[in-house]
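# Fold and geometry: a report
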Amino acid sequence: MGKPYSQELDSFASTYSWASQQQVSRLTHFLARWSGDHTVVIGSGGSCPTAVVISLFRELAHHTPTTPMTPLEFGNLLMRLSPRALLLSAEGKNRDILAAARAAEFADLASAAVTLTQANPLLELALHSSALRAFPFQMDWIKDGYLATNSLLAMVLLFYRAFFGDRAFEKGMGPLFETNRLAIRRARFSQLDSLTEIRHRGLLVLHSAQAKPFAIDIESKLAEAAIATVQITDLRQFAHGRHLQLALRAPAPFVLVVTTK
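Residues numbered from 1 in each chain as written. Predicted model: local features only at pLDDT ≥ 70, side-chain atom pairs only at ≥ 80, totals over all residues. Heavy atoms only, no water.

What the protein contains, in helices and strands, is 13 helices and 8 strands. For the protein, the spread of C-alpha atoms along the principal axes amounts to about 55 × 45 × 35 Å. Put simply, of all contacts in the protein between residues at least 6 apart along the chain, 73% involve residues at least 24 apart. Accessible area for the protein stands at about 14300 Å²; split by element, carbon and sulfur atoms hold 55% of it. Counting 26 positive and 21 negative side-chain charges, the protein places the centres of these two groups 4 Å from one another. (Helix = DSSP H or I, 4+ residues; strand = E, 2+ residues; numbered from the N terminus. Contact = heavy atoms within 4.5 Å. Areas by Shrake-Rupley, 256 points an atom, 1.4 Å probe, with all protein chains shown as cover. Lys, Arg positive; Asp, Glu negative; His and termini not counted. Charge placed at Lys NZ, Arg CZ, Asp CG, Glu CD.)

A surface patch of like charges, here positive, comprises Arg181, Arg185, Arg188 and Lys261. Within the secondary structure layout, Arg188 lies in helix α9 (residues 179-190). Judged by relative accessible area, Arg188 falls into the exposed class, the value being 52%. (Patch = residues over 30% accessible without salt bridge, like charges linked within 9 Å, V, L, I, M, F, W, Y side chains within 5 Å. Salt bridge = Lys/Arg side-chain N within 4 Å of Asp/Glu carboxyl O. Buried < 20%, exposed > 50% of the residue type's maximum accessible area, 1.4 Å probe, protein only.)

Let us now look at the nonpolar core. Ranked by internal contacts, the top residues of the largest apolar core, which has 38 residues, are Trp18, Leu86, Leu116 and Phe159. Contributions of two or more residues to this core are made by α2 (12-21), α3 (25-33), α4 (47-62), β3 (84-88), β4 (111-115) and α8 (149-173). Here the element with the most residues in this core is α8; it accounts for 12 residues. Setting aside anything within four residues of it in sequence, one finds Leu116 in contact with Trp18, Ser89, Ala90, Phe137, Gln138, Met139, Trp141, Ser151, Ala154, Met155 and Leu158. Counting residues in hydrophobic clusters, the runner-up holds 20 residues, among them Val40, Ile42, Met69 and Ala104. (Core = buried A, V, L, I, M, F, W, Y, C linked by side-chain atoms within 4.5 Å.)

Turning to the packing of α3 against α8, a few remarks are in order. Where α3 meets α8, the closest approach of the two axes is 9 Å, and the angle between their N-to-C directions is 65 degrees. Read as a crossing pair, α3 and α8 show a hand that is right-handed. Here Leu27, Thr28 and Leu31 of α3 lie close against α8, whose contacting residues are Phe159, Arg161, Ala162 and Phe163. In terms of residue class, the contact of α3 with α8 is built from 5 nonpolar, 1 polar and 1 charged. (Axes fitted to C-alpha atoms, helices over the stretch in contact; angles between N-to-C directions. Left-handed = near helix turned anticlockwise from the far one by under 90°. Nonpolar A, V, L, I, M, F, W, Y, C, P; charged D, E, K, R; others polar.)

Moving on: the packing of α4 against helix α11 (residues 212-224). In contact at an axis separation of 9 Å, α4 and α11 are set at 170 degrees when each is read in the N-to-C sense. If you check the angle between α4 and α11, you find them roughly antiparallel. Taken together, the residues of α11 that come into contact with α4 (itself represented by Pro49, Val52, Val53 and Leu56) are Pro213, Ile216, Asp217 and Ser220. Across the contact of α4 with α11, the residue classes tally to 6 nonpolar, 1 polar and 1 charged. (Parallel < 35°, antiparallel > 145°, perpendicular 65-115°, else oblique.)

Moving on, we come to the side chain of Ser208. By secondary structure assignment, the location of Ser208 is in the loop between β6 (203-207) and α11. Owing to a relative accessible area of 13%, Ser208 belongs among the buried residues under this scheme. In this structure, Ser208 is in contact with Leu235, Val258, Thr259 and Thr260, ignoring residues within four places of it in sequence.

Geometric values such as these leave the question of function open.
Below you can see the structure in the form of structure tokens.
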């Protein structure tokens, strides 16, 4: 994939530090102006899980319906609704996200784009559009690996600060990125020694209501890296017939249960 994934995981603490130093006040004020308006958060590829998390942040912070979706879903939505559109793209050059920006402009929607580079095609498009507001940041790592893990993490952390403020960011996020805690988490995941079997049998991820972003993210990572076939469902939906595959399918998929406090 270009470079060892372990190097991306080693950078989590640095990414947190980077996000804590960025100026997010303009983004905070802009998002507050949209409070009360239905907004869609658009991410393509690996950014889809990021869109899910940021949509959840917005609903918690502004108590406003927010829908995560892909660019294709957004284009279809425009035949029915005219929401605000928030576009996420680390490098601002993905064809799908550019198509979504043009679709928003054509529909005369108020839209915004957040990127992690300060020179890219999406920003150029914003320069010539009165409807698209751009918020560029500049990541200080050269380039992520194939799964763009730190870019996605950085985007989530920036929005956490923008929605909840610096005090909540330091108190809520800071402890998660302490060196010892990260090492313990890495050690727990490294105990998974059945990767060959998981690749063969597939993985079923059961999640609680609050843990849905985790389930969506792990499906994205494992599918894009061609590690395993993953299906996700919440714990209650699993009980409506989906549990039968554990008894009637041979071999049964591995099961990962994800819950939160």
